[in-house]
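Topology and contacts: notes
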Amino acid sequence: MMAGRLASASFFSASVAVSASMAYPMYGTPQLLVAITVTMTTAVLIAAVAHIRRWTPLLQLGATIAALAVLAIPLAAPGALRGAMPLGESAVNVFSAIWTSWRRLTTIDLPVGTDDGLLMPVILLVLTSTVIGVGMILRTSRGELAALFPIAIMCWALLWGTPSPSPIWQPLLLATTTVAHVTILRQARRRRRAERTTSSLPRRFSAGLVAVVLAVLIGAGAALAADLGDRVVLRESPRDPEVELVATSPLAQFRANFDPETRGDVLMTVSGLSTDDRIRVATLDQYDGEVFSAGTSDLARTSGRAQGAVDSRQIGVSIQGYEGVWIPTVGQVESLTFVGPRAPLLSQSLVSDRDETLLAATEGLVADDGYSLMVQPSPTADSLQQLEPVDSEGNGAQLPVSALDWLAGTTAEASTPGEALASIVHSIRDEAYLSHGTDDSEAASRPGHSSARLDAVFSGEHLIGDQEQFAAATTLMAREIGFPSRVVVGYMPPEGGTVSIRGHDATAWVEVHTSIGWVAIDVVPSNTGIPEEQETSSQPDQQPLPPVPPALPEGGQPNTDDAGMHTNPVQPPVDPADRMLWLRWVLVVVGLLLLLALPLATIVVIKLLRTRYRRSVGDPEQRALGAWRDFVDLAIDRGRDLEGDRTRQEYAGEDSQVLAFAKATDAAVFSRSQTDEETVDDLWRRRAELLGEIDRSRSGFDRLLSHVTLRSLTPQLFGVPASDAEQTALHRRRESTVALQE
């Protein structure tokens, strides 16, 4: 019999693993498979030791909670062990995720990754299902009911997962392991009752498997024939109106980085840089004739994707003077992990666009924030002439006439889009003058990149401006010749390694979409200083003009937040020190204590309901008998032996008070006359007095333990059948009752 139970438990564990792995499209990381394997192995060991050592359910529950406490951080927050995030903050995030991650999973764009304790639901499901399921198979006669656990996990994976249908092999494999688990267990029980019976396991297993496979195939075929499309899931559309990002365009605030009073201030410190890295702040692909802005209508909640590829490079960012919602990144980001006192808040406010080229935190970055990135290098092109556009578009209608004339003259000899793009870029680099308009040594240059401002640039005798004007103009010209393009605002580190980024490191460049991906192109003019004509000219219109105010964000409302680049200091809405980290720790500890106390409170409530039922339900004889049964159960919880096949008077032994109670119960139950309510009340009063006598001789801790022990509830909870002696005693009592009544 035990060999059959062990084989059945093995197939049950396999079915749990298969059902949990159906959540892989939701997480999209191999860390899920690691978590499933480690958690299941631990759960099987707990169930096996509990069976061998005959642990009580309460002790088994304690071992399971201890295992969860040990495994939670290594499995749900592996970055804490690598030093990417402080261990204390990781513990807060992970253990609070026991109840918060279920909701967050439905509001984050897929794949959700493993950041912020999002693996806790699958760890909890696998751990509890395996411990209880294997325990039921090894220790009870109802092990077949354990098959409900992998089915429940499958339903969770489907409802919380992607709307796309799962591969057909997953439900087929789950059906195979489940049928094997149930069939082997039933066959083992059948062979125990009749050891010489010829085994029908192959026939039973084959018949059950064929039936399940046919059901799955028929259901899948019907779904395909009906063209039902994607399945309905609980997941909300992450791109919904609730994700709002209110911030002005960083390009509109570009010139403020070169203010003589603040351009040398340190904005952030970045480690792990290579010499050719750029720091991206925001990707801007929408232009309305006045300002380039980011497409915030397509933003979605996302997670940090806590796992990167094996060959990923780690970048560390420590925020100092930088303020804003835009998150500076490097290369192609594969994972992001926040650190610092505001890490949980920033992680929960993280949003991105569909391509994940734009990352923002709606709570905004302030001093003392930090994060770690795992990145891959962005694609580069050896020659602009060889580039070919992908999804060609002609959208340069917002270029002024002067810019279109300049474009036509510059690209007149180009025969391909790549050659035309190279002509544009090289002409700006070689012919234009770089000027931020903030020093007397620079040529006059106004900020802004509206159509009117670009017209002033290209209608003048010389092309004078900075990255703001030339990146905007090159982007529009690239669209005119067929390249999908966008402006990127960021910083150019002066060197590799660990670098302090300052305001004067700000830059902007162009990205064009090609067959090898989005390729970055610098359009910084090589000429500086003042052209000769401006040096000798005394015309007043050559003097620097006052800065124009930045364009308003979408909706026409002024933005009170920082634009994401270096501007005048803005006080954060809430100082990190005021968030009272100690209060979060207190709440987490209280929450964990309540979580631990919940099973104990459930036991107490069950016992109270059992007593109330025996006291109030049934005729007087049943309620009189209920007083004795309740006394026996509560006495068992206080350490007395089971009643077994003994009569009530035999169970009382030499205890005169219990013996008197037993005789009174027998008189009430076996009396030929109807038992009155006064007798019933007297029996329940005696029950309370006897239990009080027992408690007076025990310590306070022992009395508390008697309320939460499962000794008297174990048969009801786990379906443990009565022994042969107990069955004989019950049968004898029924016969005696019938004889007395006759």
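Scroll up to find the structure this text is about.
All of the points below concern the structure found in this document. As the structure is a prediction and not an experimental result, all values here were calculated from the model.

**Focus on the overall build of the protein**
Looking only at helices and strands, one finds 24 helices and 18 strands in the protein. Here the protein holds 742 residues, and 47% of them are scored as buried. A fraction of 78% describes how many contacts in the protein between residues 6 or more apart in sequence connect residues 24 or more apart. Here the protein has roughly 35200 Å² of accessible surface; of this, 57% comes from carbon and sulfur atoms.

**Quick word on the sheet that holds strand S5 (residues 300-301)**
Adjacent strands of a sheet form backbone hydrogen bonds with each other and so pair up, either parallel or antiparallel. The strand order across the open sheet built from four strands is S5-S10-S11-S7, with neighbouring strands paired in antiparallel fashion. The sheet is open, and its two edges are formed by S5 and strand S7 (324-326), each paired on a single side. In this structure, S7 lies alongside strand S11 (residues 359-365), joined through two bridges in antiparallel fashion. In the sheet register, Trp326 faces S11, and the bridge partner there is Ala360.

**Re the packing of aromatic side chains**
This model, assessed by the stated rule, comprises 11 aromatic pairs. When the centroid spacing of 6.0 Å and the interplanar angle of 85° are considered together, the rings of Trp628 and Tyr651 count as edge-to-face. On the criterion of sequence distance, the pair formed by Trp628 in helix H18 (residues 620-637) and Tyr651 in helix H19 (residues 648-652) is long-range, its members being 23 residues apart. Taken individually, Trp628 and Tyr651 each receive the classification buried, so the pair is uniform in this respect.

**Quick look at the pattern of salt bridges**
Enumeration over the complete set of coordinates arrives at 21 salt bridges. For Glu511, the salt bridge identified is with Arg486, shortest N-O distance 2.9 Å. Placement of the pair is Glu511 in strand S17 (residues 506-514) and Arg486 in strand S15 (residues 485-491), with a sequence separation of 25 residues. By relative accessible area, Arg486 is classed as buried at 5%. Across the salt bridge formed by Arg614 and Asp630, the nearest N and O atoms sit 3.2 Å from each other. On the criterion of sequence distance, the pair formed by Arg614 in helix H17 (residues 581-616) and Asp630 in helix H18 is long-range, its members being 16 residues apart. Exposure class is identical for Arg614 and Asp630. Each is buried. The network of salt bridges with common partners includes Arg610, Arg614, Asp630, Asp633 and Arg687.

**Some details on the side chain of Arg280**
Relative to the helices and strands, Arg280 is located in strand S2 (residues 279-284). Within the structure, Arg280 has its side chain in polar contact with the side chain of Glu511 (distance 2.5 Å). Excluding anything up to four places from it in sequence, Arg280 contacts Ile327, Pro328, Thr329, Thr357, Arg486, Val488, Val489, Gly490, Trp509 and Glu511.

**Focus: the packing of helix H3 (residues 31-53) against helix H7 (residues 120-139)**
Two elements in contact, H3 and H7, have axes separated by 8 Å at closest approach and are oriented at 30°. Judged on the interaxial angle alone, H7 and H3 are roughly parallel. Classified by chirality, the crossing of H7 by H3 is right-handed. Contacts between H3 and H7 pair Leu32, Ala35, Ile36, Thr39, Met40, Ala43, Val44, Ile46, Ala47, Ala50 and His51 from the former with Val122, Ile123, Val126, Leu127, Thr130, Val131, Val134, Gly135, Leu138 and Arg139 from the latter. Class assignment of the residues belonging to the contact of H3 with H7 gives a composition of 16 nonpolar, four polar and one charged.

**Here we look at the sheet that holds strand S9 (residues 332-339)**
Read across the sheet, five strands follow the order S9-S12-S6-S1-S16 without closing on themselves; strand pairing throughout is antiparallel. Edge positions in the sheet fall to S9 and strand S16 (497-502), since each has one partner strand and no second. Neighbouring strand axes in the sheet, compared pairwise and without regard to direction, differ in orientation by 20° on average. As paired elements, strand S6 (residues 313-319) and strand S12 (residues 370-376) share six bridges and run antiparallel to each other.

**A word on the pairing of strand S18 (residues 517-521)**
Pairing analysis gives five bridges linking S17 to S18, with the strands arranged antiparallel. The residue bridging Glu511 from the neighbouring strand is Ala520, located in S18. The antiparallel hairpin formed by S17 and S18 contains two residues in its connecting segment.

**A word on unusual backbone geometry**
Backbone geometry follows two general trends: most residues other than glycine have a negative phi, and most peptide bonds adopt the trans configuration. For Arg54, which is not glycine, the phi torsion reads 60° and is therefore positive. For Arg54, the location among the structural elements is in the loop between H3 and helix H4 (57-76). A positive phi is found at Asp368, a non-glycine position, where the angle reads about 80°. Mapped onto the elements of the fold, Asp368 is located in the loop between S11 and S12. Of the residues examined, Asp368 reaches a relative accessible area of 61% and is grouped as exposed.

Definitions and cut-offs
Just so you know, the residues in each chain are numbered from 1, in the order the chain's sequence is written. Reporting in this predicted model follows two pLDDT cut-offs: at least 70 for local features of residues, and 80 or more for side-chain atom pairs to be given and counted; totals over whole chains, interfaces and linings ignore these cut-offs and use all residues. Note that water and hydrogens are dropped before the side-chain values are worked out from all heavy atoms of the structure. Per the convention used, a helix needs a DSSP run of H or I reaching at least four residues, while a strand needs a run of E reaching at least two, with both numbered from the N terminus. Partly exposed describes any residue whose relative accessible area lies between the buried limit of under 20% and the exposed limit of over 50%, with all areas from a 1.4 Å probe on protein chains only and scaled to the type maximum. Residue contacts are defined here by distance: any two heavy atoms, one from each residue, within 4.5 Å place the two residues in contact. Here the accessible surface of atoms and residues is derived via Shrake-Rupley with a 1.4 Å probe, and residues count as covered only by protein chains that are part of the display. Pairs of strands are assigned from DSSP output, requiring at least two bridges between the strands. Stacked, tilted and edge-to-face are the three classes applied to pairs of Phe, Tyr and Trp rings, where Trp contributes its six-membered ring and a pair requires centres within 6.5 Å; stacked means planes under 30 degrees apart, edge-to-face means over 60, and tilted covers the rest. What makes a salt bridge here is a side-chain nitrogen of Lys or Arg within 4 Å of a carboxyl oxygen of Asp or Glu, nothing more. Any pair of N or O atoms that falls within 3.5 Å is considered a polar contact. Within protein, one atom must be able to donate a hydrogen and the other to accept it, and sequence-neighbouring residues count only if both atoms are side-chain atoms. Every angle, taken between N-to-C directions, lies between 0 and 180 degrees, and every axis is a line fitted to C-alpha atoms, over only the stretch in contact when it is a helix. Roughly parallel means an angle under 35 degrees; roughly antiparallel means over 145; roughly perpendicular covers 65 to 115; every other angle is labelled oblique. Throughout, a crossing is termed right-handed when the near helix is turned clockwise from the far one, and left-handed when it is turned anticlockwise from it by less than a right angle. Three categories are distinguished: nonpolar for Ala, Val, Leu, Ile, Met, Phe, Trp, Tyr, Cys and Pro, charged for Asp, Glu, Lys and Arg, and polar for the others, with Gly belonging to the last.

It is worth stressing that arrangement in space is one thing and function is another; only the former is reported here.
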